[in-house]
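Architecture and fold: a report
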Amino acid sequence: MLGASVAFLCLLAHSSYVSSSALLPLVKNPAMCFLAASSDVEDRIMVSELKLRLGNQATINEMADEDLDDYAEAGFDALCLMGVWQPSKFSLQKSMKGSGGGEGAATAAAGAASSPYAIVDYSVNNEFGGNLALAKLRSRLHERGLRLFLDFVPNHMAVDHIQGKAEDLEREPQNFFRVGSNVFAHGRDPYFDGWEDTVQLNYANPDLRAEMCTILTKIVSICDGVRCDMAMLLCPDILEQTWGKHLGSVGAFKEPFWPDAIKVARAIHEDFILMGEVYWGRDLDLQQFGFDFTFDKNLYDKCIEGNALAVRQHLGTPLPSQDRMVRYLENHEEKRIAQ
């Protein structure tokens, strides 16, 4: 069943890590397999496949023993499940908009899914069996020496927000939306319009920061590591570049969020692994904040360019950060290197 994976990551890692669950230390060059528990329409949806095979009562823990054995025997050291959290109904409706009418409408609607980056609540989707089903799956993974990673999407979620004004909505309708008399900001990065099924979180608000640390501690208690989506978006200068005057001239956003958040996570499990998805050359910043690993976007770009010499030079550069880079063949919304 290895065909169900939607991405493959090789992690160059420290060999001294020992899980709090008494797993053996990681090998020097462990490998991680990403599975889509829920994703875009065109991706294979793991739980949906289980339901088709086993019936509507299937949960995330219904992965067959032989499938888990396959991952362990293939040499993987961890599985990362994407899209396990409570989904957004609005995002699902947005996914179904293109189904239209006619004969294909029902099929398209059945294949629709909410975005795994528009999270309502950090508890496991009830349709997947909730937190209990995930805990059982994690135990089965540990029996095979496999760690469990989950997603953390810190930039946006329907919890807190940057509140805008009517003139913001009029000037930038692609980045703001109205609920009643209030105008809110869509989650976004500085180079693209807002993601319309998300609400931007306000990192100038100390209460929001405390809440996100609390959410991270919840995640720490149910898995062995997290993949932090677009982690560089919380760098103070990037927040300011993206939102400018909406954050005010002073405030909590001037201080980086990640060092405090990682300190809170490590207070619970000192061996918990944090892996940051990162672009724009900010990998060293995140490593200095305390991330164990960061995505090697530089290597990915050189592979896409087909420049073998540049790839060799990059991998041969004697940087201390080399053993903390995540090497990947594909990532969501980017083409596969194999193509």
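Residues numbered from 1 in each chain as written. Predicted model: local features only at pLDDT ≥ 70, side-chain atom pairs only at ≥ 80, totals over all residues. Heavy atoms only, no water.

A few words now on the overall build of the chain. Across its full length, the chain holds 12 helices and 13 strands. Counting the 339 residues in the chain, one finds 52% classified as buried. Long-range pairs, those at least 24 residues apart, make up 71% of the contacts in the chain between residues at least 6 apart in sequence. By element, 52% of the accessible surface of the chain is carried by carbon and sulfur atoms, the whole surface being about 15800 Å². (Helix = DSSP H or I, 4+ residues; strand = E, 2+ residues; numbered from the N terminus. Buried < 20%, exposed > 50% of the residue type's maximum accessible area, 1.4 Å probe, protein only. Contact = heavy atoms within 4.5 Å. Areas by Shrake-Rupley, 256 points an atom, 1.4 Å probe, with all protein chains shown as cover.)

Once that is clear, we can look at the side chain of Arg-227. If you trace the backbone, Arg-227 turns up in strand β10 (residues 225-228). A polar side-chain atom of Arg-227 sits 3.1 Å from a polar atom in the side chain of Asp-151. Polar contacts involving the side chain of Arg-227 include one to the side chain of Glu-277, which spans 3.0 Å. (Polar contact = N/O pair within 3.5 Å; in protein donor to acceptor, adjacent residues only side chain to side chain.)

Our focus in this paragraph is the packing of helix α7 (residues 206-220) against helix α9 (residues 258-268). As a packed pair, α7 and α9 sit with axes 9 Å apart at the nearest point and diverge in direction by 35 degrees. As α7 runs across α9, the sense of the crossing is right-handed. Residues Cys-213, Leu-216, Thr-217 and Val-220 of α7 touch α9, and the partners they reach there are Ala-261, Val-264, Ala-265 and Ile-268. For the contact of α7 with α9, the residue count by class is 7 nonpolar, 1 polar and no charged. (Axes fitted to C-alpha atoms, helices over the stretch in contact; angles between N-to-C directions. Left-handed = near helix turned anticlockwise from the far one by under 90°. Nonpolar A, V, L, I, M, F, W, Y, C, P; charged D, E, K, R; others polar.)

A few words on helix α5 (residues 130-143). In this model, α5 (14 residues) spans 21 Å end to end at C-alpha, consistent with the 20 Å of a helix rising 1.5 Å per residue. Listed as buried for α5 are Gly-130, Ala-133, Leu-134, Leu-137, Arg-138, Arg-140, Leu-141 and His-142. Along its buried surface, α5 packs onto α2 (65-73), β3 (78-82), β5 (119-124) and β6 (147-152). (Expected span 1.5 Å × (residues − 1).)

In the contact formed by helix α11 (residues 297-305) and helix α12 (residues 308-316), the axes pass within 8 Å of each other and the chain directions differ by 160 degrees. Between α11 and α12, the angle is such that the two are roughly antiparallel. As for the relative orientation of α11 and α12, their crossing is left-handed in sense. Residues Asn-298, Leu-299, Lys-302 and Cys-303 of α11 pack against Ala-310, Val-311, His-314 and Leu-315 of α12. The class makeup of the residues in the contact of α11 with α12 is 5 nonpolar, 2 polar and 1 charged. (Parallel < 35°, antiparallel > 145°, perpendicular 65-115°, else oblique.)

In this structure, Thr-242 sits in helix α8 (residues 236-243). Here Thr-242 falls in the buried class, since its relative accessible area comes to 11%. Excluding residues that lie within four positions of it along the chain, Thr-242 makes contacts with Arg-188, Asp-189 and Pro-190.

Taken together, the side chains of Tyr-191, Phe-192 and Trp-280 present a nonpolar region at the surface, about 370 Å² in accessible area. The topology assignment puts Phe-192 in the loop between β9 (182-185) and α7. (Patch = residues over 30% accessible without salt bridge, like charges linked within 9 Å, V, L, I, M, F, W, Y side chains within 5 Å. Salt bridge = Lys/Arg side-chain N within 4 Å of Asp/Glu carboxyl O.)

Further remarks concern the pattern of salt bridges. Enumeration over the complete set of coordinates arrives at 18 salt bridges. Where Asp-224 meets Arg-138, a salt bridge forms, and the shortest distance between an N and an O atom there is 2.6 Å. Of this pair, Asp-224 sits in the loop between α7 and β10 while Arg-138 sits in helix α5, placing them 86 residues apart in sequence. Residue Asp-224 shares its accessibility class with Arg-138, and that shared class is buried. Here Arg-282 and Asp-237 are joined by a salt bridge, their closest N and O atoms 3.0 Å apart. Taken together, the residues Arg-282 in the loop between β11 (273-276) and α10 (283-289) and Asp-237 in helix α8 connect sequence positions 45 residues apart. Its relative accessible area of 41% is what places Asp-237 among the partly exposed residues.

Let us look at the confidence of the model for the chain. Taken as a whole, the chain shows an average pLDDT of 81; of its residues, 79% reach a score of 70 or greater. Throughout residues 1-20 the model reports pLDDT below 50, and contacts reaching past four residues in sequence, or to other chains, amount to 79 contacts. Taken as a whole, residues 38-44 scores under 50 in pLDDT and shows 19 contacts with residues more than four places along the chain or in a different chain. (pLDDT = per-residue confidence, 0-100.)

Checked against the element boundaries, Tyr-328 lands in strand β13 (residues 325-328). A relative accessible area of 5% places Tyr-328 in the buried class. Note: C-alpha distance between Tyr-328 and Lys-297 (31 residues apart in sequence) is 8.5 Å.

To continue, consider the state of the cysteines. Evaluated as defined, the whole model comprises 0 disulfides. The thiol of Cys-223 is unpaired, and the distance to the nearest cysteine sulfur, on Cys-80, comes to 8.7 Å. Looking at Cys-228, it has no disulfide partner, and the nearest cysteine sulfur is the one in Cys-223, 9.9 Å off. Judged by its relative accessible area of 0%, Cys-228 falls in the buried class. (Disulfide = S-S within 2.5 Å.)

Residues Phe-152 and Trp-258 are the most contacted members of the largest nonpolar core, which totals 81 residues. Among the elements that line this core, the one with the most residues is α7, at 7 residues. Apart from residues lying up to four places away in sequence, Phe-152 is in contact with Tyr-122, Met-212, Ile-215, Leu-216, Ile-219, Val-226, Arg-227, Cys-228, Asp-229 and Trp-258. (Core = buried A, V, L, I, M, F, W, Y, C linked by side-chain atoms within 4.5 Å.)

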